[in-house]
Amino acid sequence: MDNLPTAYQLTTSAAELNKIDKLRECGVSQYIGLPQLVVVGDQSSGKSSVLEALTQLPFPRNPNLCTTFPTQITFRNALQEKTVVTIIPSPSSDPERIAELRKYRREYLQSVSGDEFAVILKDVRTVMGIRNPEEAHRNDLSTFREDILKVELSGPRRENLSIIDTPGIFRRAVDGRTTDKDMTLVKTMVESYIKDKRTIILAVLPAGEDEENWEILSMAEKADNKGIRTLGVLTKPDLIDPGTEERVMSFVQGEKNPLKLGYYILRNRGKLQESSSSEERDTTENEFFAQEPWSSLDRDHVGVHALKKRLQELLVDITRRELPNVRHQINARLDNCRKELKAMGADRKSTVQQQIYLQTMATNFQKITDHALDAYYARNPIFAEIPAMRLPTLVVDRSDKFAAELAKKGHTVEFDIDDNESGEDIGTSDGDGGEDEIDYGDEDESIHNGSNDEAEVAATPSTESNAGRHKYPELSCLFPDEGDAPEPQNRRILDWIEHEYRKARGSGLQVISPSVLPTLWQQQSNNWRAMTREYLADIIIYVHDFICKLMEHVCQEERTRSGLMAILLERFIDQYKVAIKHIEFLLEVELDGTPLTKNPSFQENLHKFRLERLGAAMSKSSIATDNLRDASGQEINGTVVRLEDVMLSGPMGDIEHAVNDIYCILKAYYEIARRRYVDAICTQGTDYHLLNGKNSPLRIFSPLFVASLTPEQLEEIAGEDVSSKERRESLKREMDSLEEGKRLLSH
């Protein structure tokens, strides 16, 4: 009575083992290793006799009727005796075949006889598409299958146990029955069953063979190199050569090739006892091992009842230990499947599905773009992970740099006048000196001649533009390699103005020629071209880099992304060209058009600069203001010039007067025009055409764009390739099995 389990143990172990069997039925074992006992051996090892002794099922011994598919035999302790036979389809089968195999079900209200079991095996072979012995000529049928035959035996005398039998391995093909391909398939099938750490391996070994020939034990050692999951079952001790008993017994006694789970030894039916009952079989076995020298063996390792008891203990133990881990592994694998399936996007077999897939992607693209343009960087983690995605910040920083650089070196000649220049006369004393009286130097001749040839300007290319050309070669056609603008010339601006003025004088009375100011303006603002183009190139690279990175984020499938970019790239470049064209228009208006402004600040600045020039001219006549008071007796502060000195200073020459006035006008207009120009470039060229305008490149990839694609384009871009379709279907099958398994474990 001590060996019998309690009612609680029976109920608990039955429920746990039943859950494992149900998990196997719904295909979970294809993805997650389940606790199981797997019987392995070669076709001549006596494996069928071992199974027959354990299960009391009449397994066929005929070589033509050997096991050609895995068989799961499940015992359940129940009040009513019952036998249920079903088929668990291989997960690799197509859905139609899976549905067909699951229809197979046979129920018996008692144990099946040998004849009934033979009929079952024949029917199962037919349903699975396996050749029966009389169908050896059928080349369209298989010899082996990975589908599982499940036989569930219930009854009041049944112990809770589940065993999986695998096809026996064989070393050579038999003409008309098996092939080399079958031999490889069976070996691979066996290896797949024994590799998992939750599998207890029952290696059936013929006692009469030398251990060097136990191939199945070598396979078990590879899968279980520490020998902690392998249990050896020695068979046919009644057929060994006399005198070799000690060698066989040494395995059972743990002296040779020890295994942690040990060896068990069985004496099964022989040819003459095939028709004997289970009771007769057990009696014969007990009588055999009661003889010398077998009687000296530990009874716990001898006979089918000892083996069955040990197997039940092992299965219950590993099931209780591993069931929580199985539950955790199912949840983890489900999460991974969901993530991978989510990354693949929705199903897109039809045109509508493909359109929805791309529209979802485009909507996400526009949503993140809106967050970026609003500088709402907390809305999406991509802005923290990839600094280049903070597009407005990059643009603002670059625009500030552009404005500062234009103010610092946008002019060709420095406007500042040093102390010596401010106090000197511009021309000769009478103001009528010739051009040959002024030497401008050869190095500045290009400026004096008003040259616009940018090839003469030597400078270092923009860092951003240069990097962008390498990273995005598709943009190289947009950026001519002009180089940076040169630094302003450190020379006398009044000399330069006088030089240009002398070249533009006519014979009329006008002091200032109408052509001199536009000429000076064009030369003074000539650096704007290179600086503006360099600035715009950087902004375009920022925008394009943002688009490419965001496309990678919203469309992780490289094939779809490449298909989209193949169409979108041309549109992006067209919009970049629109921005460039508008910038060139602004350059033409400002540099080549008529200098014009209605800004009142122009007159204010002009008046200010004229007063400064007058003050500079009279500064030599200033006197000290110490103890000076005006007519009312108030102390005088500031610079004071005697009225007599002003009256005696003499009239300013025409050239001097013209040069000073041109300088004041040019300087006042330059400041107004520069600020106006920077605003126009930033608001129109950058913000409208490249960022926030309705035709901005950031707005091209949108749901409206997706709606414009033809069915052919949708299929080419969003249609899944064969491998993706197969992977999607595989993930769906896996998720169905795992979801069902999760549901089973929750009850």
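Quick caveat: nothing in here was measured; it's all calculated off a predicted structure.

Considering the overall build of the protein chain
Secondary structure assignment for the protein chain yields 25 helices and 11 strands. By the burial criterion, 48% of the 747 residues in the protein chain qualify as buried. Counting contacts in the protein chain only where the partners sit at least 6 residues apart, residues at least 24 apart contribute 79% of the total. Summing over all exposed atoms, the protein chain offers an accessible surface of approximately 37,800 Å²; the carbon and sulfur share of this is 50%.

A closer look at unusual backbone geometry
Note that the residue after glutamate 292, namely proline 293, is joined by a cis bond; omega there is 0°. Checked against the element boundaries, proline 293 lands in the loop between helix H8 (278-289) and helix H9 (304-344). Even without glycine at this site, glutamine 56 takes up a positive phi of about 60°. Inspection of the secondary structure puts glutamine 56 in the loop between helix H2 (47-55) and strand E2 (71-77). Residue classification places glutamine 56 among the partly exposed positions, given a relative accessible area of 46%. Even without glycine at this site, alanine 375 takes up a positive phi of about 55°. As for its placement among the helices and strands, alanine 375 is situated in the loop between helix H10 (351-373) and helix H11 (382-385). Accessibility expressed as a relative area gives 41% for alanine 375, which makes it partly exposed.

Some thoughts on the nonpolar core
Grouped together as the largest cluster of nonpolar side chains are 92 residues, with contacts concentrated most on Leu358, Tyr576 and Phe701. In terms of residue count, the dominant contributor to this core is helix H22 (residues 654-692) (20 residues). For leucine 358, the contacting residues outside a window of four places in its chain are Thr560, Leu564, Phe701, Val706, Leu709, Leu714, Ile717 and Ala718. Among the nonpolar cores identified, the runner-up in size contains 45 residues, and Ala53, Phe59, Leu161 and Ile163 belong to it.

Regarding the environment of threonine 597
As for its position among the elements, threonine 597 is in the loop between helix H19 (558-592) and helix H20 (600-618). Threonine 597 sits 75 residues away from isoleucine 672 along the chain, and the two C-alpha atoms are 7.9 Å apart. Contact partners of threonine 597, with chain neighbours within four places excluded, come to Phe602, Tyr669, Ile672 and Arg676. A polar contact is formed between the side chain of threonine 597 and the backbone nitrogen of asparagine 599, at a distance of 3.1 Å.

Observations regarding the sheet that holds strand E7 (residues 199-206)
Taken together, the 9 strands give an open sheet; going across it, the order is E4-E3-E5-E2-E6-E1-E7-E8-E9, and neighbouring strands pair in mixed fashion. Looking at the sheet topology across the chains shown, the edges are occupied by strand E4 (105-108) and strand E9 (263-265). With direction set aside, neighbouring strand axes in the sheet form an average angle of 20°. Lying over the sheet, helix H7 (residues 245-252) contacts strand E8 (230-235) and E9, oriented at roughly 130° with respect to E9.

Focus on the packing of aromatic side chains
All chains considered together, the criterion is met by 15 aromatic pairs. Aromatic pair tryptophan 214 and phenylalanine 251: ring centres 5.1 Å apart, planes at 55°, arrangement tilted. Remark: phenylalanine 251 occurs in helix H7 and tryptophan 214 occurs in the loop between E7 and helix H6 (215-223); sequence separation between them is 37 residues. With respect to class, tryptophan 214 is no different from phenylalanine 251; both count as buried. A centroid spacing of 5.1 Å and a plane angle of 80° characterise the contact between phenylalanine 288 and phenylalanine 289, whose relative ring orientation is edge-to-face. Residue phenylalanine 288 is classed as buried on the basis of its relative accessible area, which comes to 14%.

Structural notes on the pattern of salt bridges
The full count for this structure, using the stated rule, is 45 salt bridges. Between arginine 267 and aspartate 238 there is a salt bridge; the shortest N-O distance is 3.7 Å. Residue arginine 267 is found in the loop between E9 and H8, and its partner aspartate 238 is found in the loop between E8 and H7; the two are separated by 29 residues along the sequence. Overall, the relative accessible area of 30% leaves aspartate 238 in the partly exposed class. With its nearest N and O atoms 2.8 Å apart, the salt bridge here joins lysine 309 to glutamate 313. Taken together, the residues lysine 309 and glutamate 313, both in helix H9 and 4 residues apart, mark about one turn of the helix. Overall, the relative accessible area of 37% leaves lysine 309 in the partly exposed class. Of the residues examined, glutamate 313 reaches a relative accessible area of 37% and is grouped as partly exposed. Overlapping salt bridges bring together Asp42, Arg171, Lys187 and Glu215 as one network.

Some details on helix H12 (residues 391-409)
End to end, H12 covers 26 Å across 19 residues, agreeing with the expected 27 Å (1.5 Å per residue, within 8%). All of the buried residues along H12 are Leu391, Pro392, Val395, Arg398, Ser399, Phe402, Leu406 and Lys409. End-on view of H12: buried residues confined to an arc of 155°, all on one side of the axis.

Regarding the side chain of asparagine 380
Locating asparagine 380 in the fold gives a position in the loop between H10 and H11. Asparagine 380 sits in the buried class, given a relative accessible area of 16%. If sequence neighbours within four positions are ignored, asparagine 380 has contacts with Ile368 and His553.

Remarks on the packing of H10 against helix H18 (residues 528-554)
Across the interface, H10 lies against H18 with an axial gap of 10 Å and an inter-helix angle of 130°. One element, H10, and the other, H18, form an angle in the oblique class. In this structure, H10 meets H18 at a crossing whose hand is right-handed. Counted together, Met361, Asn364, Phe365, Ile368, Thr369 and Ala372 of H10 and Phe546, Ile547, Leu550, Met551, His553 and Val554 of H18 form the full contact between these two elements. Residue classes in the contact of H10 with H18 are distributed as 9 nonpolar, 3 polar and no charged.

Things to note about the pairing of E7
Burial analysis of E7 places 8 of its 8 residues in the buried class, which makes it a mostly covered element. Neither face of E7 is exposed, since Thr199, Ile201, Ala203 and Leu205 on one face and Ile200, Leu202, Val204 and Pro206 on the opposite face are all buried. Pairing of E7 with E8, which is carried by 6 bridges, proceeds in the parallel orientation. Bridging across to E8, valine 204 finds its partner in valine 233.

Description of helix H16 (residues 493-504)
Between its terminal C-alpha atoms H16 stretches 17 Å, which fits the 16 Å expected from 12 residues at 1.5 Å a residue. Most of H16 is tucked away, with 11 of its 12 residues classed as buried. Residues Ile493, Leu494, Asp495, Trp496, Ile497, Glu498, His499, Glu500, Tyr501, Arg502 and Ala504 constitute the buried set of H16.

Considering the confidence of the model for the protein chain
For the protein chain, the mean per-residue pLDDT works out to 82, and 82% of the residues sit at or above 70. Across residues 1-11, confidence stays below pLDDT 50; counting only partners more than four residues off in sequence or on other chains, it has 4 contacts. In this model, residues 419-461 is a region of pLDDT below 50 whose contacts with residues beyond four sequence positions or in other chains number 72 contacts.

Details of the environment of isoleucine 20
You can see isoleucine 20 is positioned in helix H1 (residues 7-25). Given the relative accessible area of 2%, isoleucine 20 is considered buried. The spatial distance from the C-alpha of isoleucine 20 to the C-alpha of glutamine 36 is 8.4 Å, given a sequence separation of 16 residues. Isoleucine 20 has contacts with Leu34, Pro35, Thr319 and Leu323, leaving out every residue within four places of it along the chain.

Conventions used here
- Residues numbered from 1 in each chain as written.
- Predicted model: local features only at pLDDT ≥ 70, side-chain atom pairs only at ≥ 80, totals over all residues.
- Heavy atoms only, no water.
- Helix = DSSP H or I, 4+ residues; strand = E, 2+ residues; numbered from the N terminus.
- Buried < 20%, exposed > 50% of the residue type's maximum accessible area, 1.4 Å probe, protein only.
- Contact = heavy atoms within 4.5 Å.
- Areas by Shrake-Rupley, 256 points an atom, 1.4 Å probe, with all protein chains shown as cover.
- Core = buried A, V, L, I, M, F, W, Y, C linked by side-chain atoms within 4.5 Å.
- Polar contact = N/O pair within 3.5 Å; in protein donor to acceptor, adjacent residues only side chain to side chain.
- Pairing = 2+ DSSP bridges.
- Axes fitted to C-alpha atoms, helices over the stretch in contact; angles between N-to-C directions.
- Phe/Tyr/Trp six-rings, centres within 6.5 Å; stacked < 30°, edge-to-face > 60°.
- Salt bridge = Lys/Arg side-chain N within 4 Å of Asp/Glu carboxyl O.
- Expected span 1.5 Å × (residues − 1).
- Arc of directions from axis to C-beta.
- Parallel < 35°, antiparallel > 145°, perpendicular 65-115°, else oblique.
- Left-handed = near helix turned anticlockwise from the far one by under 90°.
- Nonpolar A, V, L, I, M, F, W, Y, C, P; charged D, E, K, R; others polar.
- pLDDT = per-residue confidence, 0-100.

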